[in-house]
Amino acid sequence: FAEEFAGALEVPEPFPEWVRGAIDAGKQPALFAVADYGWSWFKWWCRRQTEWEAEQMAEEAAAEAAARGIGVGGSSAQQDR
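Let us look at the structure shown here. (Residues numbered from 1 in each chain as written. Predicted model: local features only at pLDDT ≥ 70, side-chain atom pairs only at ≥ 80, totals over all residues. Heavy atoms only, no water.)

1. A closer look at the overall build of the protein chain
For clarity, the threshold we go by: Numbering of helices and strands starts at the N terminus; helices are DSSP runs of H or I of at least 4 residues and strands are runs of E of at least 2. Relative accessible area decides the class of each residue, using a 1.4 Å probe on protein chains only: under 20% of the type maximum gives buried, over 50% gives exposed, and in between gives partly exposed. Using a 1.4 Å probe, the Shrake-Rupley method yields the accessible areas, and only the shown protein chains count as cover for residues.
Scanning the protein chain for helices and strands turns up four helices and zero strands. The order of α-helices and β-strands along the protein chain, N terminus first, is α-α-α-α. Every one of the 81 residues in the protein chain was classed for burial, and the buried ones make up 2%. On the protein chain, roughly 7,400 Å² of surface is accessible, and the fraction owed to carbon and sulfur atoms is 61%.

Okay, structure coming up:
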(Lines give C-alpha, C1' and ligand atoms only; values in the text may rest on other atoms or scores of the structure.)
Protein backbone atom coordinates (compact mmCIF):
# COMPACT_ATOMS: atom_id res chain seq x y z
CA PHE A 1 0.00 0.00 0.00
CA ALA A 2 2.67 2.48 1.01
CA GLU A 3 4.68 1.83 -2.13
CA GLU A 4 1.64 2.32 -4.38
CA PHE A 5 0.62 5.43 -2.45
CA ALA A 6 4.09 6.96 -2.81
CA GLY A 7 3.94 6.24 -6.54
CA ALA A 8 0.53 7.85 -6.87
CA LEU A 9 1.80 10.96 -5.10
CA GLU A 10 4.77 11.05 -7.48
CA VAL A 11 7.27 11.67 -4.70
CA PRO A 12 10.72 12.73 -5.95
CA GLU A 13 12.60 9.97 -4.09
CA PRO A 14 12.25 6.24 -4.77
CA PHE A 15 10.48 4.00 -2.25
CA PRO A 16 13.06 2.66 0.28
CA GLU A 17 14.19 -0.90 -0.46
CA TRP A 18 14.55 -1.73 3.24
CA VAL A 19 10.81 -1.28 3.69
CA ARG A 20 10.20 -3.79 0.93
CA GLY A 21 12.63 -6.18 2.64
CA ALA A 22 10.74 -5.89 5.92
CA ILE A 23 7.50 -6.87 4.19
CA ASP A 24 9.13 -9.86 2.52
CA ALA A 25 10.76 -10.94 5.81
CA GLY A 26 7.33 -10.99 7.43
CA LYS A 27 6.29 -13.73 5.03
CA GLN A 28 8.91 -16.16 6.35
CA PRO A 29 7.41 -19.27 8.02
CA ALA A 30 9.57 -18.97 11.15
CA LEU A 31 8.57 -15.37 11.76
CA PHE A 32 4.95 -16.23 11.05
CA ALA A 33 5.07 -18.98 13.70
CA VAL A 34 6.49 -16.59 16.29
CA ALA A 35 3.89 -13.95 15.49
CA ASP A 36 1.10 -16.55 15.60
CA TYR A 37 2.25 -17.80 19.00
CA GLY A 38 2.51 -14.24 20.31
CA TRP A 39 -1.01 -13.47 19.09
CA SER A 40 -2.36 -16.66 20.70
CA TRP A 41 -0.74 -15.77 23.99
CA PHE A 42 -2.08 -12.21 23.83
CA LYS A 43 -5.65 -13.44 23.20
CA TRP A 44 -5.34 -15.86 26.14
CA TRP A 45 -4.06 -13.10 28.41
CA CYS A 46 -6.87 -10.73 27.39
CA ARG A 47 -9.50 -13.38 28.12
CA ARG A 48 -7.93 -14.16 31.50
CA GLN A 49 -7.74 -10.46 32.34
CA THR A 50 -11.43 -10.04 31.50
CA GLU A 51 -12.35 -13.03 33.68
CA TRP A 52 -10.25 -11.68 36.53
CA GLU A 53 -11.91 -8.25 36.29
CA ALA A 54 -15.37 -9.87 36.29
CA GLU A 55 -14.45 -11.88 39.38
CA GLN A 56 -13.20 -8.74 41.11
CA MET A 57 -16.41 -6.86 40.29
CA ALA A 58 -18.55 -9.75 41.57
CA GLU A 59 -16.55 -9.91 44.80
CA GLU A 60 -16.86 -6.16 45.30
CA ALA A 61 -20.60 -6.28 44.67
CA ALA A 62 -21.00 -9.16 47.13
CA ALA A 63 -18.96 -7.32 49.76
CA GLU A 64 -21.01 -4.16 49.25
CA ALA A 65 -24.25 -6.11 49.51
CA ALA A 66 -23.04 -7.83 52.68
CA ALA A 67 -22.08 -4.46 54.17
CA ARG A 68 -25.61 -3.22 53.53
CA GLY A 69 -27.09 -6.37 55.03
CA ILE A 70 -28.61 -7.53 51.78
CA GLY A 71 -28.61 -11.26 51.23
CA VAL A 72 -28.15 -13.10 48.00
CA GLY A 73 -31.88 -13.05 47.27
CA GLY A 74 -31.95 -9.27 47.39
CA SER A 75 -33.77 -8.91 50.72
CA SER A 76 -32.39 -7.48 53.92
CA ALA A 77 -32.87 -8.96 57.37
CA GLN A 78 -35.14 -6.05 58.33
CA GLN A 79 -37.43 -6.63 55.35
CA ASP A 80 -37.93 -10.27 56.33
CA ARG A 81 -39.36 -9.37 59.76
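2. So, a nonpolar patch on the surface
Quick note on the threshold: In this analysis, a patch consists of residues with relative accessible area above 30% that form no salt bridge, clustered at 9 Å for like charges and at 5 Å for the nonpolar side chains Val, Leu, Ile, Met, Phe, Trp and Tyr. For this analysis, a salt bridge means a side-chain nitrogen from Lys or Arg found within 4 Å of a carboxyl oxygen belonging to Asp or Glu.
A contiguous nonpolar patch, built from Tyr37, Trp39, Trp41, Phe42, Trp44 and Trp45 and spanning about 760 Å² of accessible area, is present on the exposed surface. Positionally, Trp44 belongs in helix α3 (residues 29-68). Note on Trp44: relative accessible area 48%, which makes it partly exposed.

3. Remarks on the pattern of salt bridges
Inspection of every chain in the model, using the stated rule, returns three salt bridges. With a closest N to O distance of 3.9 Å, Arg48 and Glu55 form a salt bridge. What emerges from the salt-bridge pattern is a single network uniting Arg48, Glu51 and Glu55.

By themselves, these figures tell us nothing about what the structure is for.
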